[in-house]
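# An overview of the molecular structure
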Amino acid sequence: MQLDALRDMNLLNPLNLLWALPLLGGIVALWMLRLKRQDVPVSSLYLWNTMLQETQANAPFQKLRRSLLLFLQLLLAFLLVLALARPFVYGEAVMGHTIAIILDTSASMNATDVRPTRLQAAKDAADQLIDREMRVGDVATVLTASSKPGSAFSGFTGDKGRLKAAIDGATGTDTPIDMAAALTLAQSLVGARRGAQVRVFSDGAFSPDDNRKLTVLPLGGTDVKLTAVGTATPDNLAITRLDGRRNPQSGTYQVFVQVQDGGGRPHQGGGTLTLLKDGKLVDARALSLTNGMQTETFDSPLLQGGGVVTARLDDVRDDLATDNQASLVLAPPRPRKVLLVTSGNPFLESGLNLDPDVTLEECQPEEFTTLGKSGAGYSMVVFDGTLPVTPLPPGNYLVFNALNSQMPLVGTETAENPTFIDESRTHPVMRFADLEGLHLRKALRTQTQPWGQALAEADSGPIIAVGEHNGLRAISVAFDLSDSDWPVRVSFPIFLTNAVRWLTAAGGLGASQEETPTGGVASLTLPPGAASVTIQRPDGSKTALAAPVAGGMVLVDDTRQAGVYHAKASGGQDYPFAVNLDSRDESALTMQNPPALNHPGVSSAVTPSPRTRRAKDDLWPTLSAIALGLLLLEWFVFHRRILSV
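In this convention, every chain numbers its residues from 1, walking through the sequence in written order. Per-residue local features of the predicted model are confined to residues with pLDDT of at least 70, and side-chain atom pairs are confined, for both listing and counting, to 80 or more; whole-chain, interface and lining totals are unaffected and use all residues. For the side-chain quantities, the full set of heavy atoms in the structure was used; hydrogens and water were omitted.

### Regarding the sheet that holds strand S6 (residues 196–202)
Stated formally: Pairs of strands are assigned from DSSP output, requiring at least two bridges between the strands. A run of H or I in DSSP counts as a helix once it spans at least four residues, and a run of E counts as a strand once it spans at least two, with each numbered from the N terminus. Whether two residues touch is decided by their heavy atoms; if any such pair falls within 4.5 Å, the residues are in contact. Inter-axis angles, ranging from 0 to 180 degrees, are taken between N-to-C directions of lines fitted to C-alpha atoms, where helices are fitted over the stretch in contact.
Pairing is mixed across the open sheet formed by five strands, whose spatial order is S5-S4-S3-S6-S7. A single partner strand is all that each edge strand has here, and the edge strands are strand S5 (150–151) and strand S7 (223–228). Along the sheet face, helix H6 (residues 160–168) touches strand S3 (98–104) and strand S4 (139–145) and points at about 5° away from the line of S4. Against the sheet, helix H7 (residues 179–190) engages S3, S4, S6 and S7, with an angle of about 165° to S3.

Take a look at the structure:
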């Protein structure tokens, strides 16, 4: 060791040096206690037994003699004590890359067009990255990407074994992917460090919205690279839509099923679409897709009343099983008393009356409070262009072209000729309510409350939003129906039916029968007095959720598996609810390679000089190795002396 290094040596635990006093002192004392004897050859020990017994009582302390064994033992003890003090020196260490490894664990990664699955192929590729590309000084972390990004462990490590264990432990889900959220998390972890890298292992099955987010995501100097897994010609038929509606004439349910070809080559025919209710066959129809799609409507007396309806694809050539089945819980018929507060609106009157479960009553705006209506005794209240001055009591409200602080939308100005931009296609209120091409003459210029959720947007701001706050559940529509062409579109009565079902769902555990997309949140309203609810997942595993202190709604956010869940309140009845993949983008298995995930970061045309940082160089491993060598030398010297006697 150089003299400069010794001069700069520091100790992490200097108090451990105090162990030298008793240890070194003890060794010296033991050597002083050795009796001084003279070696004399004798012919027999029999005559010397008495003498040997007397010598054992000699004086305990003798003059300390020079000895190689004593020197080795003292040096060994000193080195061990010094190692316990954790000495170190500062030096220069080469800085490696900081790598975030993103593993796609969404539903499409369970496809078997790559054996055994795409996810396993991604894991193998990530292991190869660690073996071949990680150098001394590199550190990495492992993230998973599905509906929510996750981390296999906190922090970064250069331990390849630990990284591989984290990769091997990643499990697939049945959810769509939010790659933009995962990449944002990775970017925040690697930060703005030089040499920051993000390595993504995915099939690229992202939604157009996710691709747009990835395009505008600021990556700076981060080097991002996608390793795509999968094939260009997978086979996959998927159930992408499942819905049930009461038939206004017969009162029985009609079930709509949409099947879509998500493979890389046209469906060659064959297979069956089977519909079951509570496990019993309702109907089965041959698959014959036109332009990659088939829509079937089932209207059968067997669908009368409530129950669990399941649509299933049978006998199909397929690489992904998750989207071959979808379920829907049909609620038993339940009368709903609805109050319409309006000065006259035939579109709302006829649209609400289409639902056979709705009993509609009307009143003028001024009658809402003066005649004692006030919404009491009604399942929900619909306001057309008006709201009372006094705060609304807790309840369910659908409001057109009127805002206040209790609504999920707020705003005061009006925008002329706003342009429709986009809508949510997964929220229960907007299912099958396609607003594409909606024309608006004017609308309120709004923004969403913190507790609200925008469902449709124009360039003037959100135009439809939902929210629940302080016992009030509301849907806001930020324009007058007469200022749009919505009332003459097929989507308008569908929207009204969806709104009635969503608003009036609160009434007991399981009353909300709308399906939940995988990775989404299912809302369950507990019956009065329930202390907890047990959730049984499709695979049979269970989890218990505590009821809110004040009672009310429980949110189930662990919906990574597709299938039928069962909720059971303490001392109550069992209620099923359905969770389906329901994602065209996730079912489209053709491997993609989005350009946004191949971002070079700092140009590789110029090779940067090695980067260094000040680092601690621990000396205790070296000291321990020297001590071990001295221990072996001491053993050798001692036994050599014994053998030489």
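### Overview of the environment of Thr426
As a reminder of what qualifies: Relative accessibility thresholds used throughout: buried, under 20% of the residue-type maximum; exposed, over 50%; partly exposed, between the two (1.4 Å probe, protein chains only).
Tracing the chain through its elements places Thr426 in the loop between strand S21 (420–423) and strand S22 (442–444). The exposure class of Thr426 is partly exposed, given its relative accessible area of 42%. As a C-alpha pair, Thr426 and Asp582 span 156 residues in sequence and 8.2 Å in three-dimensional space.

### Some details on the pattern of salt bridges
For clarity, the cut-off: Each salt bridge in this description consists of a side-chain nitrogen of Lys or Arg and a carboxyl oxygen of Asp or Glu lying within 4 Å of one another.
As enumerated under the stated definition, the model contains 21 salt bridges in all. Close ionic contact of Arg199 with Asp223 constitutes a salt bridge, the shortest N to O distance being 3.0 Å. Here Arg199 is found in strand S6, whereas its partner Asp223 is found in strand S7, with 24 residues between them in sequence. Across the pair Lys337 and Glu361 runs a salt bridge whose closest N-O atoms are separated by 3.8 Å. In this pair, Lys337 sits in strand S15 (residues 336–341) while Glu361 sits in strand S16 (residues 358–363), placing the two residues 24 residues apart along the sequence. Since its relative accessible area comes to 25%, Glu361 is described here as partly exposed. Sharing partners across several salt bridges, the network here consists of Asp113, Arg118 and Asp203.

### A short note on the confidence of the model for the chain
How we decide: pLDDT runs from 0 to 100 and stands for how confident the predictor is about each residue.
Of the residues in the chain, 84% have a pLDDT of 70 or more, and the chain-wide mean is 83. Every residue in residues 506–512 is under pLDDT 50, and counting partners more than four places away or in other chains gives 18 contacts. Every residue in residues 603–610 is under pLDDT 50, and counting partners more than four places away or in other chains gives one contact.

### A look at the side chain of Asn396
Counted only if it meets this: For the purposes of these results, a polar contact is taken to be a pair of N or O atoms within 3.5 Å, where, inside protein, one atom must be able to donate a hydrogen and its partner to accept one; residues adjacent in sequence count only when each atom of the pair is a side-chain atom.
One can find Asn396 in strand S18 (residues 395–400). With a relative accessible area of 16%, Asn396 lands in the buried category. Polar side-chain contacts of Asn396 include one of 2.9 Å to the backbone oxygen of Ser379. Not counting residues up to four positions away in its chain, the partners in contact with Asn396 are Ser379, Met380, Val381, Arg473, Leu503 and Thr504.

### As for a nonpolar patch on the surface
Applicable threshold: Patch membership is restricted to residues that have no salt bridge and whose relative accessible area is over 30%. Joining uses 9 Å for like charges and 5 Å for the nonpolar side chains Val, Leu, Ile, Met, Phe, Trp and Tyr. To measure how exposed things are, a 1.4 Å probe is used in the Shrake-Rupley method; for residues, cover is taken only from the protein chains shown.
A surface patch of nonpolar side chains, amounting to about 370 Å² of accessible area, comprises Leu15, Leu18 and Leu21. By secondary structure assignment, the location of Leu18 is in the loop between strand S1 (10–11) and helix H2 (20–32). Accessibility expressed as a relative area gives 55% for Leu18, which makes it exposed.

### Comments concerning the sheet that holds S16
Across the sheet, eight strands lie side by side as S16-S15-S17-S18-S26-S25-S24-S21; this open sheet has mixed pairing. Lying at the two open borders of the sheet, with one neighbouring strand each, are S16 and S21. Adjacent strand axes in the sheet meet at a mean angle of 20°, parallel and antiparallel pairs treated alike. Pairing between S21 and strand S24 (residues 452–458): three bridges, direction antiparallel. Residue pairing for S24: Phe420 is matched across the bridge by Ala458. Across the sheet, helix H9 (residues 346–353) is in contact with S15, S16, strand S17 (380–384) and S18; its angle to S16 comes to roughly 160°. Along the sheet, helix H11 (residues 491–503) contacts S15, S16, S17, S18, strand S25 (461–469) and strand S26 (472–477); its crossing angle with S26, the most-contacted strand, is approximately 165°.

### Things to note about the packing of aromatic side chains
To describe a pair of aromatic rings, one takes the distance between the centres and the angle between the planes. Cut-off, in case you're wondering: Pairing of aromatic rings covers Phe, Tyr and the six-membered ring of Trp, with a centre-to-centre limit of 6.5 Å; geometry is then stacked below 30 degrees between planes, edge-to-face above 60, and tilted otherwise.
Throughout the structure, instances matching the rule amount to six aromatic pairs. Here the aromatic rings of Phe383 and Tyr397 are separated by 6.0 Å at their centres, their planes lie at 25°, and the arrangement is stacked. Linking Phe383 in strand S17 with Tyr397 in strand S18, this pair joins segments that are 14 residues apart in sequence. You can call Phe383 buried: its relative accessible area is 1%. Taking relative accessible area as the criterion, Tyr397 reaches 2% and is therefore assigned buried. Between Phe479 and Trp486, the aromatic rings sit 5.9 Å apart at their centres with planes inclined by 50°, giving tilted as the arrangement. Each member of the pair, Phe479 as well as Trp486, is classed as buried. The rings of Phe479, Trp486, Phe492 and Phe495 are connected pair by pair, giving a single aromatic cluster.

### A closer look at the nonpolar core
What counts here: Residues belong to a common nonpolar core when they are buried Ala, Val, Leu, Ile, Met, Phe, Trp, Tyr or Cys residues joined through side-chain atoms within 4.5 Å.
Counting residues in each nonpolar core, the largest one holds 36 residues, and the members touching the most others are Leu398, Phe400, Ile464, Ile475, Trp486 and Phe495. If you tally residues by element for this core, the top one is H11, at seven residues. Ignoring sequence-local partners within four residues, the contact set of Trp486 consists of Phe400, Leu435, Leu438, Ile464, Val477, Phe479, Leu481, Ser491, Phe492 and Phe495.

### Brief notes about the pairing of S6
Let me state the cut-off plainly: A clockwise course of the path from the first strand over the helix to the second, judged with the strands pointing away from the viewer, identifies a crossover as right-handed.
Extensive coverage of S6 is indicated by the burial of seven of its seven residues. Of the two faces of S6, both are covered, the one formed by Ala196, Val198, Val200 and Ser202 as well as the one formed by Gln197, Arg199 and Phe201. Here S3 runs beside S6; their pairing, made up of six bridges, is parallel. Directly across from Ile102, in S6, lies its bridge partner Val200. By the bridge criterion, six bridges tie S6 to S7 in an arrangement that is parallel. When the sheet's bridge partners are listed, Val200 is paired in S7 with Leu226. A crossover connection joins S6 to the parallel S7 through helix H8 (residues 208–216); in handedness this β-α-β unit is right-handed.

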